[in-house]
Amino acid sequence: MIHTFQSLGQKLVVDVYSGAVHVLDDCAFDILSCMANRLPEEMPKALLSLPYTQEQLAETYQELLELQSEEMLFADDSYIDPAAAKPQNAPVKALCLHVSHDCNLRCEYCFAATGDFGTGRKTMPPETAKQAIDFVISRSRGRRNIEVDFFGGEPLMAMETVKQTVEYARSIEKEHGKEFRFTITTNGVLLNEETAAYINKEMSNCVLSLDGKRETNDLRRKTVNGGGSYDIIVPKFQQVIENRTGDYYLRGTFTRDNFDSFSQDVMHMAELGFKNVSVEPVVGAEDDPYSLREEDLPTICAEYEKLAEELLKNPQVNFFHFNVDLEQGPCVIKRLRGCGAGCEYVAVTPEGDIYPCHQFVGNEDFKLGNLHNQSFDIGLSEQFAGLNVYSREACRDCWARFYCSGGCSASNLLTNGDIISPSIVGCTLEKKRLECAIAMQAIRAQN
């Protein structure tokens, strides 16, 4: 299976099963655009209608046949075993700890109902957080590395819980043969010199929330009293990054308010000194005024092209959604089944309830269990474990399936009413980002 496309002035083909990418001239591109299956040894006579000489066609066709013989075009998929896509007794290796179901911002598009997930504002007790650490240790089996993300709401409103959790995990990790890697996601309002220093010391990664330019950010990301948050948080984020040696991302959301200009917001973040940026499309119900619509897709795709062109001129800026490893990438199993939500990764609420991920929190239909009564719904977890590019019918014949791994189950539920059927908007944008990322790498490899 192949995918031919044009992006950033390049004509390219991706071989889905081998992962090979080829930059094509006009003749090769037109030939492959006509071929849905493996190339026959003799050039089909129908190709003679293409606007090239017979000699050009024959020479180019022979070159494509050679790539095919090397399994770099129309490669066979026999190396992939669909049965291996479903993990058996998979270890839980990552936690999203909701240390705070409260927030000091009132972001209008917040999937967490402005921080409390519709369940009332509360903070996770340190003892519950410690139970969560015990839970992941007991269920991680032979897995050594464990990821813990402090999340909310706003986790800086629960710093005492954060600190006690880190201290507890560090105190027992060696005796259990584990190594914890902590991340914190924050809106930055409560950042001060002490908290910033703690984050830079203890957090392997930090995610800092900003939507872009002042007018973009302050339109939807407001304080409790209705004011803007840009001027409060930007200097604090700059201070964190100035003294940081670990990973970080400035993470924003684009909505229908700026779907035609979000590339400017990304480059504005870069101008502020932030080199690792992630700006993602909003996920919301179809009738939400800020939600993206199918009619917006051509404009959004054009905007991704603009962004890619800007980033080619600014190679020091790392845009998360244009990161793709064309040489190694994730292992085959990871590419088949994705993030592992509900199976290898779970979220824990202040009450100790367990959900497949942070975006399912509050939906009782997807509650996996509770730390305090030591319950865990194996059947529901196995349902999530069974989600992969083969069990999702819409993904089976998609060229991008080994890059996106079937998309986000929570987004699917919100947009389509089930966790299996991918969102049309989400799928289209994922494929466009991939095309831009591949084209960028092709251009850089030629220069």
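Residues numbered from 1 in each chain as written. Predicted model: local features only at pLDDT ≥ 70, side-chain atom pairs only at ≥ 80, totals over all residues. Heavy atoms only, no water.

1. Focus on the overall build of the protein chain
The condition is simple: Strands are runs of DSSP state E lasting at least two residues, helices are runs of H or I lasting at least four, and both sets are numbered from the N terminus onward. Each radius of gyration is computed over the set of C-alpha atoms, and the globule rule expresses the reference value as 2.2 Å times the number of residues to the power 0.38. When accessible area is computed with a 1.4 Å probe and restricted to protein chains, residues below 20% of their type maximum are described as buried, those above 50% as exposed, and intermediate ones as partly exposed. Pairs of residues are marked as contacts when any of their non-hydrogen atoms sit within 4.5 Å. What sets the accessible areas is the Shrake-Rupley method with a 1.4 Å probe; for residues, cover comes only from the shown protein chains.
Counting its secondary structure elements, the protein chain contains 14 helices and 16 strands. Relative to a compact globule of 447 residues, whose C-alpha radius of gyration would be 22 Å, the protein chain shows 24 Å and is just as compact. Counting only C-alpha atoms, the protein chain reaches 75 × 50 × 40 Å along its principal axes. Each of the 447 residues in the protein chain was classed as buried or not, and the buried ones make up 53%. The contacts in the protein chain between residues at least 6 apart in sequence include a share of 70% that link residues at least 24 apart. Of the roughly 20000 Å² that the protein chain leaves accessible, carbon and sulfur atoms contribute 47%.

2. Side note on the sheet that holds strand E1 (residues 2-7)
In plain terms, the rule: Pairing between strands requires that DSSP locate at least two bridges from one strand to the other. In this analysis, axes come from line fits to C-alpha atoms, helices being fitted only over the stretch in contact, and the angle between any two N-to-C directions falls in the range 0 to 180 degrees.
Taken together, the three strands give an open sheet; going across it, the order is E1-E2-E3, and neighbouring strands pair in antiparallel fashion. The sheet is open, and its two edges are formed by E1 and strand E3 (21-23), each paired on a single side. Neighbour-to-neighbour, the strand axes of this sheet turn through a mean angle of 25°, independent of strand direction.

3. Comments concerning a negative patch on the surface
What counts here: Nonpolar side chains (Val, Leu, Ile, Met, Phe, Trp, Tyr) within 5 Å and like charges within 9 Å form the patches, drawn only from residues with over 30% relative accessible area and no salt bridge. What makes a salt bridge here is a side-chain nitrogen of Lys or Arg within 4 Å of a carboxyl oxygen of Asp or Glu, nothing more. Charge counting follows a simple rule: Lys and Arg are positive, Asp and Glu are negative, and His as well as the terminal groups are ignored. Charge positions come from single atoms, namely NZ of Lys, CZ of Arg, CG of Asp or CD of Glu.
Together, Asp 25, Glu 55, Glu 59, Glu 63, Glu 66 and Glu 70 make up a region of like negative charge exposed at the surface. Here Glu 66 is to be found in helix H2 (residues 54-69). Classification of Glu 66 as partly exposed rests on a relative accessible area of 41%.

4. Remarks on the sheet that holds strand E15 (residues 369-370)
Across the sheet, 11 strands lie side by side as E12-E11-E10-E9-E8-E7-E4-E13-E14-E15-E16; this open sheet has mixed pairing. Looking at which strands have only one partner, the edges of the open sheet turn out to be strand E12 (318-319) and strand E16 (375-376). Bridge count for E15 against E16 is two bridges, and the pairing is antiparallel. Within E16, the residue paired with Gly 369 across the bridge is Phe 376.

5. A look at the pairing of strand E11 (residues 276-281)
Put simply, the rule is: A crossover counts as right-handed when, viewed with the strands pointing away from the observer, the path leading from the first strand over the helix to the second turns clockwise.
Taken across its six residues, E11 has five buried, putting it largely inside the fold. Of the pairings in the sheet, the one linking strand E10 (residues 247-254) to E11 comprises five bridges and is parallel in character. Its bridge partner being in E11, Gly 252 is matched across the sheet by Val 279. Read from E10 through helix H8 (residues 262-271) to E11, the crossover connection turns out right-handed.

6. A look at the state of the cysteines
Applied cut-off: To count as a disulfide, a pair of cysteine sulfur atoms needs to be within 2.5 Å.
Considering all chains together, one arrives at zero disulfides under this definition. Unpaired in terms of disulfides, Cys 206 finds its nearest cysteine sulfur in Cys 96, a separation of 15 Å. This cysteine, Cys 398, is not joined by any disulfide, and Cys 404 carries the nearest cysteine sulfur, 6.1 Å off.

7. Some remarks on the nonpolar core
Using the following cut-off: Throughout, nonpolar core names a set of buried Ala, Val, Leu, Ile, Met, Phe, Trp, Tyr and Cys residues whose side chains join them through atoms within 4.5 Å.
Of all hydrophobic cores here, the largest spans 117 residues; its most connected members are Leu 97, Phe 150 and Phe 322. With 10 residues, helix H14 (residues 424-446) is the largest single contributor of residues to this core. Each residue touching Leu 97, except ones within four places of it in the same chain, is listed here: Met 124, Ala 129, Ala 132, Val 148, Asp 149, Phe 150, Phe 151, Thr 165 and Val 348. Of all hydrophobic cores here, the second largest spans 19 residues; its members include Cys 27, Ile 31, Tyr 52 and Leu 73.

8. Thoughts on the packing of helix H3 (residues 126-139) against helix H4 (residues 159-172)
Applied cut-off: Crossing handedness is defined as follows: a turn of the near helix away from the far one that is anticlockwise and smaller than a right angle gives a left-handed crossing, while the clockwise case is right-handed. Each residue gets one of three labels, nonpolar for Ala, Val, Leu, Ile, Met, Phe, Trp, Tyr, Cys and Pro, charged for Asp, Glu, Lys and Arg, and polar for the others, Gly among them.
Remark: H3 packs on H4, axes separated minimally by 9 Å, with the N-to-C direction vectors making an angle of 35°. Here H3 runs over H4; the crossing is right-handed. Residues Pro 126, Ala 129, Lys 130, Ile 133, Asp 134 and Ile 137 of H3 touch H4, and the partners they reach there are Thr 161, Gln 164, Thr 165, Tyr 168, Ala 169 and Ile 172. Among the residues making up the contact of H3 with H4, the classes are represented as seven nonpolar, three polar and two charged.

9. Comments concerning the packing of helix H1 (residues 26-33) against H2
Short version of the rule: In this scheme, roughly parallel covers angles under 35 degrees and roughly antiparallel covers those over 145, while 65 to 115 is roughly perpendicular and the rest are oblique.
Interhelical geometry of H1 versus H2 gives an angle of 70° and a closest axis separation of 10 Å. The pairing of H1 with H2 is recorded here as roughly perpendicular in orientation. When H1 is examined against H2, the residues Cys 27, Ala 28, Ile 31 and Leu 32 are found in contact with a partner set consisting of Gln 56, Leu 57, Thr 60, Tyr 61 and Leu 64. Along the lines of polarity and charge, the residues of the contact of H1 with H2 split into seven nonpolar, two polar and no charged.

10. A closer look at the pattern of salt bridges
Under the defined criterion, the tally for this structure stands at 22 salt bridges. Lys 122 serves as the salt-bridge partner of Glu 351, at 3.1 Å between the closest nitrogen and oxygen. With a gap of 229 residues between them, Glu 351 in the loop between strand E13 (345-348) and strand E14 (353-355) and Lys 122 in strand E6 (residues 122-123) connect regions that are remote in the sequence. Given the relative accessible area of 29%, Glu 351 is considered partly exposed.

11. Some thoughts on H4
Cut-off, in case you're wondering: The span you would expect from a helix comes to 1.5 Å times its residue count less one.
If you check H4, its first and last C-alpha atoms are 20 Å apart, about what 14 residues at 1.5 Å a residue would give, namely 20 Å. Among the residues making up H4, those that are buried are Met 159, Thr 161, Val 162, Thr 165, Val 166, Ala 169 and Ile 172. Elements in contact with the buried residues of H4: strand E4 (94-98), E6, H3, strand E7 (145-151), strand E8 (179-186) and helix H5 (193-202).

12. As for the packing of aromatic side chains
The cut-off we apply is this: Within 6.5 Å between ring centres, the rings of Phe, Tyr and Trp (the latter by its six-membered ring) count as paired, and their orientation is classed by plane angle as stacked under 30 degrees, edge-to-face over 60, tilted in between.
Taken as a whole, this structure holds 17 aromatic pairs when the rule is applied. Ring geometry for Phe 111 versus Phe 117: centroids 5.9 Å apart, planes at 75°, classification edge-to-face. You can call Phe 111 partly exposed: its relative accessible area is 40%. Judged by its relative accessible area of 8%, Phe 117 is buried.

13. So, the side chain of Asp 265
Considering the arrangement of structural elements, one finds Asp 265 in helix H8. Leave out the neighbours within four places in its chain, and Asp 265 touches Asp 211, Gly 212, Lys 213, Thr 216 and Asn 258.

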